[in-house]
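Structural overview for review
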Amino acid sequence: MRVDVLGVGFDNLTMAEAVDQGVKLLHSEGMHYVVTPNPEIVEVCRENPEANRVINEADLVLPDGIGVIKGAAMLGTPLKERTPGIEFASHLMGRMAEEGLSLYLLGAKPGVADMAAEKLVENGCRNLAFLRIGSKLTNEPNKRKDGFINACEAMDVPYTLKI
């Protein structure tokens, strides 16, 4: 059951519970998406019915912002805790690594793979276990792979590539 905060329904989960739900989504059929609205996004949803629909139809709606937590409490329906998107993603990637699942990073410009590796490390993901690189969308998979490998090696981050 979701907790309504000004028209946005938030899943009332701890970070650990949210990550468990995320892993279940990864193992289930079909496409899924997770959103992490902060107070500004809640306000957008109040003004924009389409944004509200998209947010509320997400498989997981996690509160990213202390304002959402405080607002829910003020409305008499407290949420368990704040679950910021970047922390959720980092924990989910850790679980993906533990389970041998693939992470696909696609960067549009030179240097994006380097930045992605740096951000993953900054946010605590020190074991980039599986990375699939390349796509039918691009004819430059080797440039992306080399950029990612160089960034990981420069920061002494372990990785395994499955291409």
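Above: the structure in question.
One structure accompanies this document, and this report is about it. (Residues numbered from 1 in each chain as written. Predicted model: local features only at pLDDT ≥ 70, side-chain atom pairs only at ≥ 80, totals over all residues. Heavy atoms only, no water.)

**Notes on the pattern of salt bridges**
Just so we agree on the cut-off: The rule for a salt bridge is simple: a side-chain nitrogen of Lys or Arg has to be within 4 Å of a carboxyl oxygen of Asp or Glu. Only DSSP runs of H or I covering at least 4 residues are called helices, and only runs of E covering at least 2 are called strands; the numbering of each starts at the N terminus. Burial status follows relative accessibility: with a 1.4 Å probe on protein chains alone, a residue under 20% of its type maximum counts as buried, one over 50% as exposed, and anything between as partly exposed.
One pass over the structure, following the stated rule, counts six salt bridges. With a closest N to O distance of 2.7 Å, R95 and D20 form a salt bridge. Of the two residues, R95 sits in helix α5 (residues 85-99) while D20 sits in helix α1 (residues 15-27), which places them 75 residues apart along the sequence. Among the residues examined, D20 registers a relative accessible area of 35% and is labelled partly exposed. Between R53 and E57 there is a salt bridge, with the nearest N and O atoms lying 2.7 Å from each other. Owing to a relative accessible area of 48%, E57 belongs among the partly exposed residues under this scheme.

**Notes on the nonpolar core**
Quick note on the threshold: As used in this record, nonpolar core signifies buried Ala, Val, Leu, Ile, Met, Phe, Trp, Tyr and Cys residues forming a set joined through side-chain atoms within 4.5 Å. By the convention used here, residues are in contact when the closest approach between their heavy atoms is within 4.5 Å.
Counting residues in each nonpolar core, the largest one holds 14 residues, and the members touching the most others are V8, F10, I55, V61 and L79. Counting residues per element, this core draws most heavily on helix α4 (residues 66-74), which supplies three residues. Dropping the residues within four chain positions of it, I55 is found in contact with V8, V35, P37, I41, C45 and V61. Counting twelve residues, the second largest nonpolar core, distinct from the first, contains L13, L25, L60 and L92.

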